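Here's the letter readout for the chains.
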Amino acid sequence: MIVRLIVFVAIFFIGWWLYRQFVAFKRSQSPEEVKKKASGKKEEAQESMVRCAECKTFTPRSHAIHDQEARPFCSAEHLKIFNQKH
């Protein structure tokens, strides 16, 4: 009787493991990834970050505001504050 219980538990865990493997495989084959693989496009590189001259926080280069000397700022307010100080 105990042998049947052990076999049943083993079959249950093997089935559960197979189910999880199937779900993970299906997730990896989402339509977006299939399109990327089919088109052969590589993922875009991450955008570089710049440090605000006023508050020292990092901002994506495309969102930064630059002054005449090419110093980056995270907002127009920080640019204004920096110009008032200097």
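Each remark here, short or long, concerns the structure printed above.
All values reported here derive from a predicted model rather than from experimental measurement.

Asks: Please explain the side chain of T59 as it appears in this structure.
Replies: Along the chain, T59 falls in strand β2 (residues 58-60). If we skip the residues at most four places from it in the chain, T59 touches S48, M49, V50, A64 and C74.

Asks: How do you make sense of the nonpolar core when you look at a structure like this?
Replies: One broad trend across soluble globular proteins is that nonpolar side chains are buried collectively. Core analysis: the largest hydrophobic core is formed by five residues, namely C52, A53, F73, L79 and F82. Filtering out sequence-adjacent residues up to four positions away, L79 remains in contact with I65, D67 and F73.

Asks: What exactly am I supposed to notice about the pattern of salt bridges here?
Replies: Once the charged atoms of two side chains with opposite charge are near each other, the side chains can pair. The tally for this structure, following the rule as stated, stands at three salt bridges. The partner of R71 in a salt bridge is E69, with the nearest N and O atoms 3.0 Å apart. Where salt bridges share partners, they join D67, E69 and R71 into one cluster.

About the cut-offs
Residues numbered from 1 in each chain as written. Predicted model: local features only at pLDDT ≥ 70, side-chain atom pairs only at ≥ 80, totals over all residues. Heavy atoms only, no water. Helix = DSSP H or I, 4+ residues; strand = E, 2+ residues; numbered from the N terminus. Contact = heavy atoms within 4.5 Å. Core = buried A, V, L, I, M, F, W, Y, C linked by side-chain atoms within 4.5 Å. Buried < 20%, exposed > 50% of the residue type's maximum accessible area, 1.4 Å probe, protein only. Salt bridge = Lys/Arg side-chain N within 4 Å of Asp/Glu carboxyl O.

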